[in-house]
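Structure assessment
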Amino acid sequence: MPQVGALAGLALGSIRTITARWILPAEAIATFGWRIPFLLSGVLLIVALWIRHRIDETPSFRKAKAAGSTQRLPIATVFRDRWREVLISTGAKFVETSTFFIFATFSISYATGLGYDFTLILAFVLVGSALGVGSIDHARPGLGQKPSGTLSNG
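Reading guide: rules and limits
- Residues numbered from 1 in each chain as written.
- Predicted model: local features only at pLDDT ≥ 70, side-chain atom pairs only at ≥ 80, totals over all residues.
- Heavy atoms only, no water.
- Core = buried A, V, L, I, M, F, W, Y, C linked by side-chain atoms within 4.5 Å.
- Buried < 20%, exposed > 50% of the residue type's maximum accessible area, 1.4 Å probe, protein only.
- Helix = DSSP H or I, 4+ residues; strand = E, 2+ residues; numbered from the N terminus.
- Contact = heavy atoms within 4.5 Å.
- Phe/Tyr/Trp six-rings, centres within 6.5 Å; stacked < 30°, edge-to-face > 60°.
- Salt bridge = Lys/Arg side-chain N within 4 Å of Asp/Glu carboxyl O.
- pLDDT = per-residue confidence, 0-100.
- Patch = residues over 30% accessible without salt bridge, like charges linked within 9 Å, V, L, I, M, F, W, Y side chains within 5 Å.
- Areas by Shrake-Rupley, 256 points an atom, 1.4 Å probe, with all protein chains shown as cover.

In this section: the nonpolar core. Core analysis: the biggest nonpolar cluster contains seven residues, these being Leu10, Ala104, Ile108, Ala111, Ile121, Leu122 and Val125. Elements that contribute at least two residues to this core include exactly helix 6 (83–113) and helix 7 (118–143). In this structure, Val125 is in contact with Leu10, Ser14 and Ile108, ignoring residues within four places of it in sequence.

With respect to the helices and strands, the residue Ala6 is situated in helix 1 (residues 5–23). It is 8.8 Å that separates the C-alpha atoms of Ala6 and Ser129, two residues lying 123 residues apart in sequence. The residues touching Ala6, leaving out its near neighbours within four places in the chain, are Phe100 and Phe101.

Turning our attention to the packing of aromatic side chains. Applying the stated criterion across every chain, the model contains two aromatic pairs. Ring plane angle 25° and centroid distance 5.6 Å describe the contact between Phe106 and Tyr110, whose orientation is recorded as stacked. With a gap of four residues between them, Phe106 and Tyr110 both fall in helix 6, about one helical turn apart. Judged by its relative accessible area of 51%, Phe106 falls in the exposed class.

The next thing to look at is the pattern of salt bridges. Summed over all chains, the structure comprises three salt bridges. When the shortest N-O distance is used, the salt bridge between Glu57 and Arg52 registers 2.9 Å. Given a relative accessible area of 35%, Glu57 falls into the partly exposed group. With a relative accessible area of 42%, Arg52 lands in the partly exposed category.

We now examine helix 4 (residues 59–67). Little of helix 4 sits out of view: just zero of its nine residues are buried. Downstream of helix 4 by a residue or two, Gly68 has a phi angle that is positive, lying close to 80°.

Our focus in this paragraph is the confidence of the model for the protein. For the protein, per-residue confidence averages 82 on the pLDDT scale, and 84% of positions sit at 70 or higher. Helix 5 (residues 74–81) holds the highest mean pLDDT among the elements of the protein, 92, whereas helix 8 (residues 145–153) holds the lowest, 48. Contacts of residues 148–154 to residues separated by more than four positions or lying in other chains number eight contacts, the stretch itself having pLDDT below 50.

We now examine the side chain of Ser129. Structurally, the position occupied by Ser129 is in helix 7. In this structure, Ser129 is in contact with Leu7, Leu10 and Ala11, ignoring residues within four places of it in sequence.

Taken together, Val43, Val47, Trp50, Ile51 and Ile55 make up a surface patch of nonpolar side chains, about 470 Å² in accessible area. In this fold, Val43 is placed in helix 3 (residues 36–54).

Structure below.
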């Protein structure tokens, strides 16, 4: 479910930061600890590529490929023929995603500015993210795909 991606990422980032602050002193985080997520993303990239190469193409794509009706650069066709739809969907996703991350970042900065402990704030972010992922996953079978997506983005 793509709706849980931002919440899952926020939860994983919170876990990583809480763990790093628990294990490493502040000086170590400032000098090299901030590089850890980038190194881990390289590992995730390798895992993602491994998974992608293990997944078969869909039957409809295999059928189209056998018939010779695939295009060499389908993305070029999309941008040439459907550029309006690309701009509209990109803008819609930008608005939805940017407001979520602005709120997530601002709430952490605001609470820290009020004097709350950074690790405690991240723990609350982690719990909220986990509850959000759980509620979306729980609501989806009963509500169907469209209402679940609305719930998670809303």
